[in-house]
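# Results of the structural survey
The lines below spell out each chain.
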Amino acid sequence: MTENGLTIKRLTADVLIIGGGTAGCYAAITIGRRSGRSVLIAEKADIRRSGCLAAGVNALNAYLSDGHTPEDYLEYARKDAESIIRDDLVLSLAERVNTVTEDLERLGLVILKDQEGNYVTRGWRNVKINGENIKPLLAQEVSRQEHVTVLNHINITDLKQSGDGRVCGAYGFSVREKIAYEIRASAVLIASGGASGLYRPNNPGFSRHKMWYPPFNTGGGYAMGIRAGAEMTTLENRFVALRCKDTIAPTGTIAQGVHAPQINASGEVYEKKYGLTTPQRIYGTVEECRKGRGPCYLATAGISRKAEDELFKAYLNMAPMQTLKWLESGKGPSEENVEIDGTEPYVTGGHTASGFWVDTGRRTTLKGLYAAGDAAGGAPQKYVTGALAEGQIAAETILQDLQTEETEGRKDTNSCAKNETSPFRQYREYLDGGSFPVSCTQAEEAMQKIMDEYAGGIRTDYRYHRAGLLLADQRIRSLENLCKRLRASDTFELLHIYELRERLTVCRALIAHLLARRETRWHIFGENTDYANPDSRFDCYVNSVYRNGEFQMLCRPLVHDKGYSHTQEKILQPEVKE
Amino acid sequence: MSIHINQKKCVGCGRCADACPGSLIWLNSSGKAEIRIPEDCWGCTSCMKECPTAAISLFLGADIGGQGSELSIRREGTVSRWIMHRFDGTEKVISVDSRNANSY
Ligand SMILES: Cc1cc2nc3c(=O)[nH]c(=O)nc-3n(C[C@H](O)[C@H](O)[C@H](O)COP(=O)(O)OP(=O)(O)OC[C@H]3O[C@@H](n4cnc5c(N)ncnc54)[C@H](O)[C@@H]3O)c2cc1C
Ligand code: SF4
Ligand code: SF4
């Protein structure tokens, strides 16, 4: 059907997976291997090279070796997160990180082994791999599943809900042709990753997309869930990465590979002064610079030429521009220390506990909607193997729920509202051929500037306070209105308008969360200058639900049980008021 | 940082356009690959790894220290040959075999 130049396609499947990244691919593989259910993966790019794994990864950062247990992993993650963590979620994924690693090896991933055939580990929770082709390997296994269909280059924008709020599908469009999609499904899994590009980046000029987190993971899943009324958790626990300056390449490979400590400009090792958790490492770097003792470096000068050659190769497998930078400048890490810096803040549930509030089976608070990977909250430090494990857990829950519903005789798609096609009307409006003096890029830069200046970006050394946050909220709201007036000449431009819309929604939610946690629990990630210290009254999850254009904030008690379901919940009194 | 597509080497197969995680590449009216917004490149090198003719190279923007050198890649079986064309005309090749894990 073609209306106003926009062709409409309607598709149906048992399961719709939004985002064919790490978690999404593995969920599809799990369902494909274990059932005959039809699965559609809707991916905005191409699953062979999309999301976090596009360039390759350096190591598998979550693997239990030397007799360590899931409980050990939980304690490590709890310490790093200063207790804001869900025991049930972390334990359930930690229980699976080793089996998914073995599966990756069967799929062809090269993992370093010793003479006895054991994986060579870096510390007790990290295995060394050649991770350059990890995404093509996953995509290949997806293509082996008979009942899994992949829709590449389809960007999903909105969830489809029935009258009672149940999620029964989604809407999206092709980023290449003027085709819009309505997809109906009995279960929908959000696996679209976290959100980058909310804040002004380290390199705001020509290299504006040289950021750590994929600039194409724009928080779409969060935004759709928020607008549909799903409960979100701990967005205020932002993630900032410690990176090689300019190239934003990982530092762990150098720090752990050649044991290079963090030093300031006078060569003093400062890392021990501030502590060794992820935020403390960045905090130390920021503090040294603030006190005039920067720039800061990883002390690599003096490593052997052989070690340097290994670093060149390791970086080519995950962040090639770092090797290019070394070679181009004529000075490798054996001659010159590597300068380091913190990135702009991101929201990502793979590193901190931000994302959808889910039960142990990864069900969100909306019926029919599930979340896994960086999109799901409550379980920080999940990394590649944790994202795979969550994809698997969500897939198992979906299969179980579909089975239960069938036994109970629920007629699924009938309850799905029929004529609810407002997203298509919006696509047409944006594509109506009109012009508007403000470009999408300008609006995006405006958003990043607001967040940078008033919501704790690089400019303020990640610090924020109430007055600034309120101003940020006001300005982000006005950008939301501006966003409606933008115009696109094709669906590639439409994609950028929708990415901006998603980011603005995530910014608003993030600001509401930053306002609600009136303490400083994590340096850098949540540096609230009105409340500079931790406060035990905030030993709780700060959650939010979006209703009628406003965020309702709630505080939930910490979960220490091995299982959590949405029915047994208790909300702490009094509610968090801003 | 961004990519540069050598129009003479490009055979218009479209593989890079499929691979880009940002859908940034398209085939222009002469059937050659073109990046629509160079500033939007993430530098992931997915397009370069797909290209059968090594037509695509990566460069660092001047804002992050680039001086005009370019990095390209040629895949030969499991071996990737990364070729650095330095701005001063010299060349350096580093071969990485995907059968070997990183030592770090
Ligand atoms: C640069 C980088 C390096 C890393 N290195 C390591 C490492 O060495 N070791 C390690 O263990 N972990 C590493 N991590 C972490 C790990 O890779 C991630 O936590 C994990 O891959 C996240 O999986 P995911 O499925 O949630 O997201 P992704 O794999 O990013 O998948 C999200 C997918 O959703 C798609 N998508 C987004 N929005 C939409 C939409 N609206 N419609 C349709 N599709 C959409 C995206 O294109 C993408 O394919 C790294 C992360 C990054 C960013
Ligand atoms: S390097 Fe990556 S982001 Fe840049 S054009 Fe190529 S595939 Fe796209
Ligand atoms: S992959 Fe190479 S040859 Fe094919 S279209 Fe792209 S640049 Fe041209």
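Conventions adopted
- Here, residues in each chain are numbered from 1, in the same order as that chain's written sequence.
- As they are written, the chains are lettered A onward and the ligands numbered 1 onward, keeping that order.
- The predicted origin of the model limits local features to residues at a pLDDT of at least 70 and limits the giving and counting of side-chain atom pairs to 80 or more, whereas totals for whole chains, interfaces and linings rest on all residues.
- Note: side-chain values were computed over all heavy atoms of the structure, leaving out hydrogens and water.
- Secondary structure elements are defined from DSSP: runs of H or I of at least 4 residues count as helices, runs of E of at least 2 residues count as strands, and each element is numbered from the N terminus.
- Our radius of gyration looks at C-alpha atoms and nothing else; its globule reference is 2.2 Å times the residue count to the power 0.38.
- Whether two strands pair depends on DSSP finding at least two bridges between them.
- Helix axes are fitted only over the stretch in contact, all axes being lines through C-alpha atoms; the angle between N-to-C directions runs from 0 to 180 degrees.
- By the convention used here, residues are in contact when the closest approach between their heavy atoms is within 4.5 Å.
- Between Lys or Arg on one side and Asp or Glu on the other, a salt bridge is scored when a side-chain nitrogen of the former is within 4 Å of a carboxyl oxygen of the latter.
- Burial classes follow relative accessibility: with a 1.4 Å probe on protein chains only, a residue under 20% of its type's maximum area counts as buried, one over 50% as exposed, and anything between as partly exposed.
- Nitrogen and oxygen atoms within 3.5 Å of one another constitute a polar contact, given that in protein one can donate a hydrogen and the other can accept it, and given that sequence-neighbouring residues count only through two side-chain atoms.
- When two parts are brought into contact, each loses some accessible area as probed by a 1.4 Å sphere; the total of that loss over both is the buried area.
- The disulfide criterion used throughout: a pair of cysteine sulfur atoms within 2.5 Å.
- Put simply, angles under 35 degrees are roughly parallel, angles over 145 are roughly antiparallel, angles from 65 to 115 are roughly perpendicular, and the rest are oblique.
- Should the near helix be turned anticlockwise from the far one by less than a right angle, the crossing is left-handed, and should it be turned clockwise, the crossing is right-handed.
- To be near a molecule or strand, a residue needs just one of its heavy atoms within 4 Å of it.
- For this classification, the nonpolar set comprises Ala, Val, Leu, Ile, Met, Phe, Trp, Tyr, Cys and Pro, the charged set comprises Asp, Glu, Lys and Arg, and every other residue, Gly included, is treated as polar.
- Surface exposure here means Shrake-Rupley accessible area, sampled with a 1.4 Å probe, where a residue is shielded only by the protein chains that are shown.
- Domain start and stop points were drawn from an automatic or database domain assignment.

The next point concerns the overall build of chain B. Across its full length, chain B holds 2 helices and 7 strands. Seen in sequence order, chain B has helices and strands lined up from the N terminus as β-α-β-β-α-β-β-β-β. A globule of 104 residues ought to have a C-alpha radius of gyration of about 13 Å, and chain B, at 14 Å, matches this closely. Projected onto its principal axes, the C-alpha coordinates of chain B cover approximately 45 × 30 × 25 Å.

Turning our eyes to something else, we now look at the sheet that holds strand E5 (residues 70-76) of chain B. Spatially, E1-E4-E5-E6-E7 (chain B) is the arrangement adopted by the 5 strands of the open sheet, whose pairing is antiparallel. Single-partner strands in this sheet number two, and they are strand E1 (2-5) and strand E7 (91-97) of chain B. Between one strand axis and the next, the sheet turns by 30 degrees as a mean value, whatever way the strands run. By the bridge criterion, 2 bridges tie strand E4 (residues 56-59) of chain B to E5(B) in an arrangement that is antiparallel. In the sheet register, Leu58(B) faces E5(B), and the bridge partner there is Leu71(B). Packing of helix H10 (residues 305-316) of chain A onto the sheet brings it into contact with E5, strand E6 (79-85) and E7 of chain B, and relative to E7(B) it is tilted by some 70 degrees.

Further remarks concern the pattern of salt bridges. Residues and elements named next belong to chain A. All chains considered together, the criterion is met by 62 salt bridges over all chains. We note a salt bridge from lysine 273 to glutamate 288, for which the minimum N-O separation is 3.3 Å. Residue lysine 273 is found in helix H8 (residues 271-274), and its partner glutamate 288 is found in helix H9 (residues 278-290); the two are separated by 15 residues along the sequence. Here lysine 273 falls in the partly exposed class, since its relative accessible area comes to 48%. Here glutamate 308 and arginine 305 are joined by a salt bridge, their closest N and O atoms 3.5 Å apart. Taken as a pair, glutamate 308 and arginine 305 lie in helix H10 at a separation of 3 residues, close to a single helical turn. Taking relative accessible area as the criterion, glutamate 308 reaches 4% and is therefore assigned buried. Among the charged side chains, a network of salt bridges with common partners joins Arg33, Asp103, Arg106, Glu141 and Arg144.

Residues and elements named next belong to chain A. Along the chain, glutamate 390 turns up in helix H12 (residues 383-408). Exposure remark for glutamate 390: the relative accessible area of 0% places this residue in the buried category. At a separation of 3.0 Å, a polar atom in the side chain of glutamate 390 contacts the side chain of arginine 362. If near-sequence neighbours (up to four positions away) are discounted, glutamate 390 is found in contact with Leu93, Arg362, Ala372, Gly373, Ala376, Ala379 and Lys382.

Residues and elements named next belong to chain A. Strand order in the open sheet formed by 4 strands is E16-E11-E20-E21, with antiparallel pairing between adjacent strands. Looking at which strands have only one partner, the edges of the open sheet turn out to be strand E16 (355-356) and strand E21 (550-557). Pairing between strand E11 (residues 232-233) and E16: 2 bridges, direction antiparallel. When the bridges of E16 are listed, threonine 233 appears paired with glycine 355. Packed onto the sheet, helix H16 (residues 491-516) meets E11, strand E20 (540-547) and E21 and runs at close to 50 degrees relative to E21.

Let us now look at the interface of chain A and chain B. Taken together, the contact between chain A and chain B spans 60 residues of the former and 53 residues of the latter. Counting the surface lost from both chain A and chain B, the interface buries some 4800 Å², and carbon and sulfur atoms represent 58% of this. Summed over the three residues of chain A that lose the most area to chain B, namely Phe206(A), Leu324(A) and Glu328(A), the buried surface amounts to 17% of that side. The shortest N-O distance in the salt bridge between Asp40(B) and Arg208(A) comes to 2.6 Å. Taken together, chain A and chain B are joined by 23 residue pairs in polar contact (both at pLDDT 80 or more).

The next subject is the state of the cysteines. Residues and elements named next belong to chain A. This structure, assessed with the given rule, holds 1 disulfide over all chains. The residue that forms a disulfide with cysteine 540 is cysteine 555, at a sulfur-sulfur distance of 2.1 Å. A torsion of -90 degrees about the S-S bond marks the disulfide between cysteine 540 and cysteine 555 as left-handed. On the criterion of sequence distance, the pair formed by cysteine 540 in strand E20 and cysteine 555 in strand E21 is long-range, its members being 15 residues apart. The buried category is assigned to cysteine 540, whose relative accessible area is 0%.

What follows is about the packing of helix H2 (residues 70-80) of chain A against helix H3 (residues 87-94) of chain A. Between two packed helices, what matters for the description is the angle formed by their axes and the separation of those axes. All names here are of chain A. Remark: H2 packs on H3, axes separated minimally by 9 Å, with the N-to-C direction vectors making an angle of 130 degrees. In terms of orientation, H2 lies oblique with respect to H3. Crossing hand, H2 versus H3: right-handed. Where H2 abuts H3, its residues Pro70, Glu71, Tyr73, Leu74, Ala77 and Arg78 lie against Asp87, Val90, Leu91 and Ala94.

This paragraph deals with the site of ligand 2. Inspection of the region around ligand 2 gives Ile3(B), Cys20(B), Pro21(B), Ile25(B), Ile35(B), Cys41(B), Trp42(B), Gly43(B), Cys44(B), Thr45(B), Ser46(B) and Cys47(B) as its neighbouring residues. Within the shell around ligand 2, the residues separate by chemical class into 9 nonpolar, 3 polar and no charged.

All names here are of chain A. Lining the immediate surroundings of ligand 1 are 34 residues, of which Thr22, Glu43, Ser50, Ala59 and Asp374 lie closest. Take threonine 22: an N or O atom from its side chain is 2.7 Å from an oxygen atom of ligand 1. A distance of 3.2 Å separates a nitrogen atom of ligand 1 from a polar atom in the side chain of asparagine 155. A total of 1000 Å² of accessible area belongs to ligand 1 in isolation, and the protein chains cover 95% of it. Secondary structure elements with two or more residues in the shell around ligand 1: helix H1 (22-34), strand E3 (39-43), strand E4 (57-60), strand E8 (154-161) and H12. Residue contributions to the shell around ligand 1 peak at 4 residues, all from E4. Its residues placed into classes, the shell around ligand 1 shows 17 nonpolar, 14 polar and 3 charged.

The next thing to look at is the domain arrangement of chain A. Accessible area lost when the parts come together is the quantity often used to give the size of an interface. Residue and element names in this part refer to chain A. What the domain assignment lists for chain A is domain 1 (2-239 + 346-418) and domain 2 (242-342). Look at where the C-alpha atoms of domain 1 and domain 2 centre, and you get two points 31 Å apart. Opposite the 16 residues of domain 1 that make contact, domain 2 presents 15 residues. In terms of surface lost to domain 2, no three residues of domain 1 exceed Asp80, Arg122 and Lys210, which account for 34% of the buried area on that side. The tally of links from domain 1 across to domain 2 stands at 5 residue pairs in polar contact (both at pLDDT 80 or more). When residues of the side of domain 1 that touches domain 2 are traced back to their parent elements, those giving at least two are E4 and H2. Across the side of domain 1 that touches domain 2, the residue classes tally to 5 nonpolar, 6 polar and 5 charged.

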